[in-house]
Amino acid sequence: MKLTLWTYEGPPHVGAMRVATAMEGLHYVLHAPQGDTYADLLFTMIERQSKRPPVTYTTFQARDLGGDTAELFKTAAREAYERFRPQALLVGASCTAELIQDDPGGLARAVALPIPVVPVELPSYQKKENWGSAETFYQLVRAFAGPQAPKPGTQRAPRPAGQRPRCNLLGPTALGFRHRDDVSEITGLLDRMGIDVHVVAPLGATPADLATLGEADFNVVLYPETGMPAAQWLLRTFQQPVVKTVPIGIGATRDFIAEVAGIAGVDATAVLEADDSRLPWYSRSVDSTYLTGKRVFIFGDATHAVAAARIAAEELGFTVVGLGTYSREFAREVREAAARYGVEATITDDYLEVEAAIAAQHPELVLGTQMERHIAKRLGIPCAVISAPVHVQDFPARYSPQMGFEGANVIFDTWVHPLMMGLEEHLLHMFRDDAEFKDEAGASHLGSHAASRPVEATPEAPEPVMVAERSVAWDPAAEKELKKIPFFVRGKARRNTETFASDRGIATITVDTLYDAKAHFGR
């Protein structure tokens, strides 16, 4: 556990809260001090849920540590049952309460409530939020689906004739990046393939729904960070095949359809031919040539980062110059993906290391979390958010999936618009001296007359700009020429020119120096 200004993941009990809040009929009793109730705000203020999370905190204080904190927990468990009457109770401890070692599971069993109680042990000082959500979901699935498990060696019964194949969608949680819309998109896609969705979990599922997971023919893991451990257990226990392809992007969606069709035994030709995504068409159009070769740095959870790299390289013609994740549990997968694009993976949960990596690569677009959005803003680079953690603006009221063919359209708009707006601003800057952009201009080409306005005085030429760390200065003419470079790569041009001048002992950067540096770094 590390204190920092920003964190990509919270402690594991926040992951447990994401699962509990996503489900129905489940209540979470959390042994925690009063200050840990801040986690409620993640759901009510960022995800803008209409109800607070189904969590009861013991909220012990410093003065309680000298007394019986175990009795506080038992009282909280009884009161939570009496007040909310859930189908089941989830119990655990926060990072602070973990130090007390009160054993919430044993205490809850001692209360002898008339409903199932599922304890989760979450080592807060070794693991983090995504692991906590995966472990919590896994324990819940084992607790409720386990009693229905067939005896070892029993062969799975064939699907009744005439019945459509059924699958479970595993992994979506509360506070997930576009999970609600992804579920809708993939449910519709599977329906067009002739496949029914049996249970979506954890999102929207009840403990009773989890008990029936084994009735489906196979499982689709939409978000491996949360759903894969449970899916692997279901594979071992109920012999349910697992669809591992995550359908983010055109290529991945088509691969997903093919994988699902092979497992379910359906013909997906019509669905593949009906692909109406506009991303491939635009990528082949003349307008897209402006985007070809754009340098992009990608960072986020492993699932979205790896998918984004494939889209960037194979579907939009970008050049991947950086790829990384804060999900250390998936470091191997991200390193393998990075190797395909000839870059070294950035595996870290320190945003300062990520900022340094971005600055070193001089990308023209950053794809990341809300942290990378702030980093990119400081560096003057366009950015699109592709992964949690996210801000409130990344929970739009509109339909905005990331998966499936419609998700590809959303991704294209999200990624391309920052670049195109950068081009538009550059064009406006280029033609700022045109008469059409002058306040004092007369008749325009439309025949209207501009209102008479006072002409602003022309400012005097600026003094040479000193760069202390490199002991070089910018000639005013060179500074003016630099401003003709698009703003989203201007910082890179400035740094390259200053490095070029410093290495050659040039004290003042002139227009000629600027173009010499451009030729040098453009080779």
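So, here is what we can say about the structure in this document. Residue numbers run consecutively from 1 along every chain, following the written order of its sequence. For this predicted model, a pLDDT threshold of at least 70 governs which residues receive local features, and a threshold of 80 or more governs which side-chain atom pairs are given and counted, while totals over whole chains, interfaces and linings are taken from all residues. Processing note: side-chain calculations cover all non-hydrogen atoms of the structure and skip hydrogens and water entirely.

## Things to note about the packing of aromatic side chains
For step 1, the next point in the chain: Paired rings are identified among Phe, Tyr and Trp, the last through its six-membered ring, by centres lying within 6.5 Å, and are further divided according to the angle between planes into stacked (under 30 degrees), edge-to-face (over 60) and tilted (the rest). The full count for this structure, using the stated rule, is 4 aromatic pairs.
For step 2, the next point in the chain: Both rings, one in Trp233 and one in Phe238, keep their centres 6.1 Å apart while their planes meet at 70°; by these two values the pair is edge-to-face. Each member of the pair, Trp233 as well as Phe238, is classed as buried.
For step 3, the next point in the chain: Ring plane angle 45° and centroid distance 6.4 Å describe the contact between Phe299 and Tyr326, whose orientation is recorded as tilted. Here Tyr326 lies in the loop between strand S10 (319–325) and helix H14 (331–340) and Phe299 lies in strand S9 (residues 295–300), a separation of 27 residues in the sequence. The exposure classification of Phe299 matches that of Tyr326, with both residues buried.
For step 4, the next point in the chain: Three or more aromatic residues joined by ring pairs make a cluster, and in this case those are Tyr8, Phe299 and Tyr326. Only protein chains enter the area calculation, which uses a 1.4 Å probe; residues under 20% of their type maximum are buried, those over 50% are exposed, and those in between are partly exposed. The helix and strand labels rest on DSSP assignments: H or I over at least four residues marks a helix, E over at least two residues marks a strand, and numbering proceeds from the N terminus.

## Considerations on the packing of helix H1 (residues 12–22) against helix H6 (residues 129–145)
For any two helices packed against each other, one specifies the inter-axial angle together with the distance between the axes.
For step 1, the next point in the chain: At a minimum axis distance of 6 Å, the contact between H1 and H6 shows a crossing angle of 50°. Considering the angle they form, H1 stands oblique to H6. As H1 packs across H6, the resulting crossing turns out to be right-handed. Across the interface between the two elements, Pro12, Val14, Gly15, Ala16, Arg18 and Val19 of H1 pack against Glu129, Asn130, Gly132, Ser133, Thr136, Phe137 and Leu140 of H6.
For step 2, the next point in the chain: The nonpolar class holds Ala, Val, Leu, Ile, Met, Phe, Trp, Tyr, Cys and Pro. Asp, Glu, Lys and Arg form the charged class, and all remaining residues, Gly among them, are polar. Among the residues forming the contact of H1 with H6, the class breakdown is 6 nonpolar, 5 polar and 2 charged. Between N-to-C directions, angles span 0 to 180 degrees; the directions come from axes that are lines fitted to C-alpha atoms, helices contributing only their stretch in contact. Under this scheme an angle from 65 to 115 degrees is roughly perpendicular, one under 35 degrees roughly parallel, and one over 145 degrees roughly antiparallel; angles in between are oblique. Crossing chirality is assigned from the near helix's rotation relative to the far helix, an anticlockwise turn below a right angle marking it left-handed and a clockwise turn marking it right-handed. By definition in these notes, contact holds between two residues if any of their heavy atoms fall within 4.5 Å.

## A word on helix H15 (residues 351–361)
For step 1, the next point in the chain: When we look at burial in H15, the residues that qualify are Tyr351, Val354, Glu355, Ala357 and Ile358. Projected down its long axis, H15 carries its buried residues within an arc of 165°, all on one side.
For step 2, the next point in the chain: The term polar contact refers here to a pair of N or O atoms within 3.5 Å; inside protein, the definition further demands a hydrogen-donor-capable atom paired with an acceptor-capable atom, and it admits residues adjacent in sequence only when both atoms are side-chain atoms. With a side-chain oxygen lying 2.9 Å from the backbone nitrogen of Leu352, the N-terminal cap of H15 falls on Asp350.
For step 3, the next point in the chain: Phi turns positive one or two residues past the end of H15, at His362, with a value near 50°. By construction, the arc corresponds to the directions joining the helix axis to the C-beta atoms.

## Focus: the sheet that holds strand S2 (residues 55–57)
For step 1, the next point in the chain: Strand pairing follows a simple DSSP-based rule, namely that at least 2 bridges must link the two strands. Spatially, 4 strands are ordered S2-S1-S3-S4 in an open sheet, and the strand pairing comes out parallel. The strands lining the two open edges of the sheet, one partner per strand, are S2 and strand S4 (117–119). The mean angle between the axes of side-by-side strands here comes to 25°, regardless of whether they run parallel or antiparallel.
For step 2, the next point in the chain: Note that strand S1 (residues 26–31) and strand S3 (residues 88–93) share 6 bridges and pair parallel. Opposite Leu26, over in S3, you have Ala88 as the bridge partner.
For step 3, the next point in the chain: Across the sheet, H1 touches S1, S2 and S3, and the angle it forms with S1 is around 160°.
For step 4, the next point in the chain: Strand contacts of helix H5 (residues 104–111): S1, S3 and S4, with the helix running at about 140° to S3, the strand carrying the most contacts.

## What to know about the pattern of salt bridges
For step 1, the next point in the chain: One side-chain nitrogen of Lys or Arg within 4 Å of one carboxyl oxygen of Asp or Glu is enough to make a salt bridge. Applying the stated criterion across every chain yields a total of 19 salt bridges.
For step 2, the next point in the chain: Measuring nitrogen to oxygen at the nearest pair gives 3.5 Å for the salt bridge that ties Glu71 to Lys74. Of this pair, Glu71 and Lys74 both sit in helix H3 (residues 69–84), 3 residues apart, roughly one helical turn.
For step 3, the next point in the chain: Of the residues examined, Glu71 reaches a relative accessible area of 32% and is grouped as partly exposed.
For step 4, the next point in the chain: Residue Arg164 is joined to Asp196 by a salt bridge in which the shortest nitrogen-to-oxygen separation is 2.6 Å.

## Details of the nonpolar core
One broad rule of soluble globular proteins: the nonpolar side chains tend to lie buried together.
For step 1, the next point in the chain: Put simply, buried Ala, Val, Leu, Ile, Met, Phe, Trp, Tyr and Cys residues joined by side-chain atoms within 4.5 Å make one nonpolar core. Judged by nonpolar contacts, the single largest core of 58 residues is most densely connected at Ile298, Leu323 and Trp415.
For step 2, the next point in the chain: Filtering out sequence-adjacent residues up to four positions away, Leu323 remains in contact with Ile298, Ala305, Ala309, Val334, Ala337, Ala338, Tyr341, Val343, Glu344, Ala345 and Thr346.
For step 3, the next point in the chain: Ala16, Val55, Val221 and Ala388 belong to the second largest nonpolar core, which has 47 residues in total.

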